[in-house]
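# Overview (structure and organization)
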Amino acid sequence: MRRRNHSFGRQVRRRYTNLVWLMLCGLVVVLFFVVLFNKNNEPAKRQETVKRPYRQDRILEGLNVTEEMLSPNSISRQISDQISLAKSLVVIAKESNNLQFAWELSAQIRNSQILLSDAATRRSPLTVTEAETSIRHMALLLYQAQQLHYDSATMIMRFKAKIQSLEEQTSSVSEKSAKYGQIAAEEIPKSLYCLGIRLATEGFQSPKLSRRLVDKKQSTWKLQDNSLHHFCVFSDNILATSVVVNSTAVNSKDPSSVVFHLVTDEVNYVPMKAWFAMNEFRGVTVDVQKIDDFSWLNASYIPVLKQLQDAETSKYYFSGGNDENRTPIKFRNPKYLSMLNHLRFYIPEVYPSLKRVVFLDDDVVVQKDLSALFSLDLNGNVNGAVETCMETFHRYHKYLNYSHPLIRAHFDPDACGWAFGMNVFDLVEWRKRNVTGIYHYWQEKNIDRALWKLGTLPPGLLTFYGLTEPLDPSWHVLGLGYTNVDSKVIAKGAVLHYNGNSKPWLKIGIEKYKPLWDKYVDYNHPMLQQCNFH
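Bear in mind that the values here come from a model prediction, so they are computed numbers and not experimental data. Residues take numbers from 1 onward in each chain, read along the sequence in its written order. Under the rules for a predicted model, residues below a pLDDT of 70 receive no local features and side-chain atom pairs below 80 are neither given nor counted, while totals for whole chains, interfaces and linings still include all residues. To obtain the side-chain values, all non-hydrogen atoms of the structure were included, while hydrogens and water were left out.

To continue, consider the state of the cysteines. When two cysteine sulfur atoms are found within 2.5 Å, that pair is recorded as a disulfide. Tallied over the entire structure, the rule returns two disulfides. Note on cysteine connectivity: cysteine 389 is disulfide-linked to cysteine 416, with sulfurs 1.8 Å apart. Sign of the S-S torsion, about -95 degrees for the bond between cysteine 389 and cysteine 416, identifies this disulfide as left-handed. Of this pair, cysteine 389 sits in the loop between strand 6 (383-385) and helix 15 (405-410) while cysteine 416 sits in the loop between helix 15 and strand 7 (422-426), and the two are 27 residues apart along the sequence. Secondary structure counts use DSSP, requiring at least four H or I residues in a row for a helix and at least two E residues in a row for a strand, with both numbered from the N terminus.

In structure tokens, the structure reads:
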């Protein structure tokens, strides 16, 4: 019989199988120890999670809170919460005029605060026994407040009603304030009225004054000489016009080259001529005209005069109309239909021989030499003016009605506004471009006041749209009649404008800006002293 050979391959496989089993057993032992170790460390981990995070510690550092107050059963916290609620109810009780209840709450608040203070002093928490009486008394008062409807919802409704009432009162007071302010701004002070009367008497009765007027007529050639510096002012205020002329003369490098063209109304014509005849202004030439002498100013040519003949327009401006006070009082001021106010749109016709003029309002003060304005390059534009669009409320959309298709189609709502009061007008370009005709067109379109409501600036913005050259802001500083103006800006300004209701010759003028105007008034003048100017 043949004997089998030994099989070495099977023994090798058995060795490998044993090795795998040994490795598995070792892995199980290792896992057992790992699990055992984790169980031993679990309480430590739980303790770590119980610890307060760092951020909470930082918050607690800034609060007047103790560990006892953070406890769910804290007596101190309960008393503190009662005190907080009671303090708010004290205010509500006083608002409701329940002073007795407010006093009781305040007394109990003091008692509770004494308890907390004692506990903090001795550094031990309050016990139920010592705090029970205080908590009970405060709780009774808080329930009593609830019965009196001092809850949050009720008080919110009360406060809303009160706020609404206060808003209505504020609105009423603001409206009255605006009306009274407007009335004060439009008043003629007694002293100004007195000056007009005395000057009229002097003008009619004084032969000496008549001779002066004849002598001054000998320099009429200056009125048409384009090599001189021509200024125009349209006003019925003698003293204000005098300040404009005097301040320009005082600050001019060559007063003899300055010519002032003044236009006033019938009432003030003789007094104004008398004033400028009896006073010298360092060699400045002053010519006074009255608007009634311009025969071409009639309703067939002037849209504003045509509107004055309209019954509805007259009713709107002079008797209040029937718009239930929807239009602010300042928009209904009849002065906005005054031809002295609108004459600025007819300057080339008032002065047909002149090529360039500087227009000044009567509420300005000149504090620099203005001769440089007559050599400024306007780059083919008609109007040189200081822009006022540093803030959004001085852009076109604030002056004009952009719901109207005509306005929407022709003008950029974000176009920059500018100011009347100190304007350089190139009268050659004005005539060439028929600017007065443009003004007439827009006035005719606005007969129903659908395009704009207030004054001469909106039609000016339309008339000179695309024809205005921006000037350096230092030429014309605005706001001295209604707001605060930076003193550095005032110091650099060539022309200071008291635009607004607070004119410097009125009692409502802003006191800190009055000296800038007063220094050009000679309060020692006999006429001014007789009329009690001071």
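Back to the text.
Core analysis: the largest hydrophobic core is formed by 56 residues, its most contacted members being Leu195, Phe260, Leu262, Trp275, Phe276 and Leu360. For this core, the element with the highest residue contribution is helix 9 (residues 238-251), accounting for seven residues. What makes a nonpolar core is a set of buried Ala, Val, Leu, Ile, Met, Phe, Trp, Tyr and Cys residues whose side-chain atoms join them at distances within 4.5 Å. Buried residues are those whose accessible area, probed at 1.4 Å on protein chains only, stays under 20% of the maximum for their type, while exposed residues exceed 50% and partly exposed ones sit between those limits. Of all hydrophobic cores here, the second largest spans 45 residues; its members include Ala385, Trp430, Leu451 and Leu457.

Here we come to the sheet that holds strand 10 (residues 495-497). Read across the sheet, three strands follow the order 5-10-9 without closing on themselves; strand pairing throughout is mixed. Here the strands that pair on one side only, and so sit at the sheet edges, are strand 5 (364-366) and strand 9 (476-477). Any two strands between which DSSP finds at least two bridges are classified as paired. Sheet topology places strand 5 next to strand 10; three bridges connect them, and they run antiparallel. By the bridge assignment for strand 10, valine 365 is matched with leucine 496.

Unusually for a residue other than glycine, asparagine 379 sits at a positive phi of about 55 degrees. Examined against the element boundaries, asparagine 379 turns out to sit in the loop between strand 5 and strand 6.

This part covers the packing of helix 4 (residues 99-122) against helix 5 (residues 128-147). For every element, the axis is a line fit to its C-alpha atoms; helices are fit only across the contacting stretch, and the angle between N-to-C directions ranges from 0 to 180 degrees. Packing of helix 4 against helix 5 leaves a shortest axis separation of 10 Å and a crossing angle of 150 degrees. With respect to each other, helix 4 and helix 5 are oriented roughly antiparallel. Crossing of helix 4 over helix 5 shows left-handed handedness. Between helix 4, through Phe101, Glu104, Leu105, Gln108, Ile109, Ser112, Leu115 and Arg122, and helix 5, the contact on the second element is made entirely by Glu130, Ala131, Ser134, His137, Met138, Leu141, Gln144 and Ala145. Geometric relationships in this document are graded by angle, where less than 35 degrees denotes roughly parallel, more than 145 denotes roughly antiparallel, 65 to 115 denotes roughly perpendicular, and other angles denote oblique. Crossings are classed by handedness, with left-handed meaning an anticlockwise turn of the near helix from the far one by less than a right angle and right-handed meaning a clockwise turn. By the convention used here, residues are in contact when the closest approach between their heavy atoms is within 4.5 Å.

Attention now goes to the confidence of the model for the chain. By definition, pLDDT measures how confident the predictor is in each residue, and it falls between 0 and 100. Averaged over every residue, the pLDDT of the chain is 83; the share at 70 or more is 78%. Confidence drops under a pLDDT of 50 for residues 6-10, and excluding neighbours within four residues, the segment shows zero contacts in the predicted structure. A low-confidence stretch, residues 44-50 (pLDDT under 50), is modelled with zero contacts involving residues beyond four sequence positions or located in other chains.

What follows deals with the pattern of salt bridges. By definition here, a salt bridge exists when the distance from a side-chain nitrogen of Lys or Arg to a carboxyl oxygen of Asp or Glu is within 4 Å. Enumeration according to the criterion identifies eight salt bridges in this entry. Residue glutamate 130 pairs with arginine 122 through a salt bridge whose shortest N-O separation is 2.5 Å. On the accessibility criterion, arginine 122 (39% relative accessible area) is partly exposed. Residues lysine 503 and aspartate 363 are paired through a salt bridge, measuring 2.5 Å at the closest nitrogen-oxygen approach. Of this pair, lysine 503 sits in the loop between strand 10 and helix 20 (514-518) while aspartate 363 sits in the loop between strand 4 (356-360) and strand 5; the two residues are 140 residues apart in sequence, bridging distant segments of the chain. Side by side, lysine 503 and aspartate 363 carry an identical accessibility label, which is buried. When salt bridges that share partners are traced, they join Glu429, Lys432 and Arg433 into one network.

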